[in-house]
Amino acid sequence: MFKYTSLKEQLVEERKKSTLLKEQTDKNASDIDYIAMMSDIELETGGTEVDENEQ
């Protein structure tokens, strides 16, 4: 009927999924950077820059 999966097994499976998603995300980001570079497009860094005077 239902398959029982222990917490340890669930954790291992979720870590594998997380690792695969991280790898895919990193590959996608590098592909986007490459395409932008080849097309001579400037991309925003996406980081939040805080002006020292605003603190």
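Just so it is clear, the structure is predicted and the values come from calculations on it, not from any experiment. (Residues numbered from 1 in each chain as written. Predicted model: local features only at pLDDT ≥ 70, side-chain atom pairs only at ≥ 80, totals over all residues. Heavy atoms only, no water.)

Opposite charge on two side chains allows them to pair when their charged atoms are near. Counted by the stated rule, this structure contains three salt bridges. With a shortest N-O distance of 3.4 Å, lysine 17 and glutamate 14 are connected by a salt bridge. Remark: glutamate 14 and lysine 17 occur in helix H1 (residues 7-38); sequence separation between them is three residues, near one turn of the helix. On the accessibility criterion, glutamate 14 (45% relative accessible area) is partly exposed. (Salt bridge = Lys/Arg side-chain N within 4 Å of Asp/Glu carboxyl O. Helix = DSSP H or I, 4+ residues; strand = E, 2+ residues; numbered from the N terminus. Buried < 20%, exposed > 50% of the residue type's maximum accessible area, 1.4 Å probe, protein only.)

The next thing to look at is unusual backbone geometry. Of note in this structure, aspartate 40 is not a glycine but carries a positive phi near 55 degrees. Position of aspartate 40 among the secondary structure elements: in the segment after H1. Here aspartate 40 falls in the exposed class, since its relative accessible area comes to 69%.

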